[in-house]
Structures are given as structure tokens and as C-alpha cells.
Amino acid sequence: MKNKIGFVTIYSLCHFIVDFVCAIFILGKLPHIVNTNSELVTAIVIYNFFAFAFQFPLGYILDKFKVYKYIAIIGMCFIGFCYLINFNNAFILATIVGIGNALFHLEGGVNIYSRAERKAFLNGLFVAPGALGIFLGTTFHNELIITYLPLILIIVAIALLSLVQKNEIEKYLKNNIKIEFSKSTIALIVILIGISIIVRSIGGSAIKYTWKSGFTLGFIYTIAIVMGKALGGFLADKIGLMKVALIALICSAISLIFGYEIHIFAYIGILLFNIPMSITLTILENTLSKKIACAVGLNTLFLFIGFLICFIDITINNIIILIGSIILAMLSIYFAHKLYLKGGINYEEN
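Residues numbered from 1 in each chain as written. Predicted model: local features only at pLDDT ≥ 70, side-chain atom pairs only at ≥ 80, totals over all residues. Heavy atoms only, no water.

Engineer: Even after reading the chapter, I still don't get the side chain of histidine 105, so can you show me in this structure?
Structural biologist: Along the chain, histidine 105 falls in helix α5 (residues 90-116). On the basis of relative accessible area, histidine 105 is assigned to the buried category, the value being 12%. A distance of 2.9 Å separates the side chain of histidine 105 from the side chain of histidine 15, its partner in a polar contact. Among all residues touching histidine 105, those that are not within four sequence positions of it are His15, Val18, Asp19, Gln55, Phe126 and Val296. (Helix = DSSP H or I, 4+ residues; strand = E, 2+ residues; numbered from the N terminus. Buried < 20%, exposed > 50% of the residue type's maximum accessible area, 1.4 Å probe, protein only. Polar contact = N/O pair within 3.5 Å; in protein donor to acceptor, adjacent residues only side chain to side chain. Contact = heavy atoms within 4.5 Å.)

Dropping the structure here:
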């Protein structure tokens, strides 16, 4: 498909669908299969492991064999298969659905980057709809698990994804390779970006508003998250990666604190808090420009590490955790960007 807008729209819409149907399955079906709450928690952790952490080894395989086509369709088939079969092992089902989710994200991430010309905007557009899919799937999982809607959406996604399989991915990826970093520089950038992603994940879990209850307030809050993910790449392309990330994080800290008392500040704050997402992903991808699937997988691996850390019962005040995580994220992004520019990619001048 030559139309870039249509190309990105398909992957973004399918991203909404895959996270929507996965949330419905994990929260709607698995609770009726497990015997105890601890089994359900274990199944959810297993799902998250294969959906997020397992993307990295899968990405390594895809990069090694240069296989990027039909991966998302296979992933959607995995998810659809779990909806169709009558099988009562929650752990195996969570594994299959998680791998299906991972396969979609890997193809989507690689293909979107192939058209992004080393910039961040398309990354933001692709990732943003997932948050809405998770929210709606989580909200309506009980009602929708007993309908055919998830299967219909999976079929729609497979049909849409079939339209973009003729994309000459190798040609576009070669156009995105600009310079090679030294191995030590790559390692440092990956570690620093990893720290920023992990601590923002921890900081995000510390944002707990007692007033945020009910569908309407949750929906508005989620839309703010979606807008932040989408706008981050656009602003970074216009103003600069580091400037946008640091200013957004500083302003988000202030707004999120005021958000405990004034709702509008919470919406502004969470929007700003999500702006660095596409920026850190783009730095990772440009740094690992010959191993894009690995870069996509690393991004989600770091998210999973943050997810696991959030299970720890920390008695520190949530506001202190939030401010500390934002400061650490800012420092890690700042130093990662300095190394990034030394590698010869002056993004702001592109």
C-alpha cells in the first residue's frame, strides 16, 4: 500500500483491536477457568510476560532471519484460536494469547518504523490506540466475552493486515539506516532508555486518584493518555527529542500533583506524562537501526520489568515515587540523548 496514511491507519486500528480483544479474553474468560485468585494473578503475569518481555527474543529471531511479513496475521490467528477452542488451562491460554499479542506488535512496530524516516510521529500514532483498546476491553470484558464481537474484530484485523503485506519492508528499513554506533555506545543508550521506561512505568502506577471512578472519568483520562502518546512524536519532530521529553516531564509532575484536587490538571498531567513514549522508542530504534524488531522488543521488555516492580509493596508516599521517577527519567533521557547525538544523528536538524 503506497498511501502512508492508509498504511499507518490500518496498523493503528489493528493495534486497538488486538489490545481490546486480549483484554476481553484475559479478564473475561480466564477468571472462569482458574480455581483461585492467585492462579488468576499468575495467568495475568504469564500473559504480560509473553506479550511484553517475550517480544525481545521473538524480535531477535525476526531480525536474524529477516522475517517481518504475515507475523501479525499469525498473531491474530493465535488469539482467535483461543477464543474458539474449549480448553481449560488458563496458563497455556494466557501464553498463546500473549505470544499472539507480541507477534502483532513486532510486525506493527517494524513496519511503522520502516515508513517513519527515523522520526517519531508515526510511532506515536501506532502505539496510542492500544491504551484505548485496553481501557474499553477492561471495562466491558464481562459483557463482550459472551458475544461474537471479539471474533468479528479479529477477522476484520486479519483482512486489514492482509492489505499491507506487500510492503517492501527491506527497502524501507535500509533507507532508515543512517549510522552505526559503537557497541559500548549502543549498550549505554539502551540501558539509559531502559531506565527511563522502567521508572516511568513505576511512576505511572503511583498515580492514584480517588476521584477517578466510573466510565466517563476513566474514558476522559484514557483519551488524554492516547493524545499524549500521539502528540509526543509530532512535537518531537517539530521541536526536538530532548526538549519535548524534558519539558513534558517537568510540566507533568506539577500538573499530576495538582490533579489530586483539580481534575483538569490530572488530564493535562497524564497527557504530558505520556509524551516521551514515542521519543524513547524512536531513540531505541534509531540506535538499533539494523535490529528494529529487537528494539521494539526491548521497549516492551522494559515495560514488563516496570510492571513486575510495581508488584512490590512499597510504603513510600505515591507523590514522592512519582516525582522521583520523573527526575530519574529526565536524567536518563538527557544522557541517552547526548550519546545519541555523539553517534552522529542530529535529529533536530533532520
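Once you've had a look at it, read on.
Engineer: Looking at this structure, how should I read the packing of aromatic side chains?
Structural biologist: Aromatic rings in a pair are described by how distant their centres are and how their planes are angled relative to each other. By the definition in use, this model includes 24 aromatic pairs. Where phenylalanine 104 meets phenylalanine 126, the ring centres are 6.1 Å apart and the plane angle is 40°; that geometry is what we call tilted. In this pair, phenylalanine 104 is assigned in helix α5 and phenylalanine 126 in helix α6 (residues 121-139), connecting sequence segments 22 residues apart. When the centroid spacing of 5.2 Å and the interplanar angle of 80° are considered together, the rings of tyrosine 334 and phenylalanine 335 count as edge-to-face. Under the relative-accessibility criterion, tyrosine 334 is labelled partly exposed at 31%. Take phenylalanine 335: its relative accessible area is 47%, and that puts it in the partly exposed class. An aromatic cluster is defined as three or more aromatic residues linked by ring pairs; in this entry it consists of Phe49, Phe50, Phe54, Phe304, Phe307 and Phe311. Just above the ring of phenylalanine 7 sits the side chain of arginine 115; from NZ or CZ to the centre is 4.5 Å. The ring of tyrosine 221 is capped by lysine 212, whose NZ or CZ atom sits 4.6 Å from the centre of that ring. (Phe/Tyr/Trp six-rings, centres within 6.5 Å; stacked < 30°, edge-to-face > 60°. Lys NZ or Arg CZ within 6 Å of the ring centre and 35° of its normal.)

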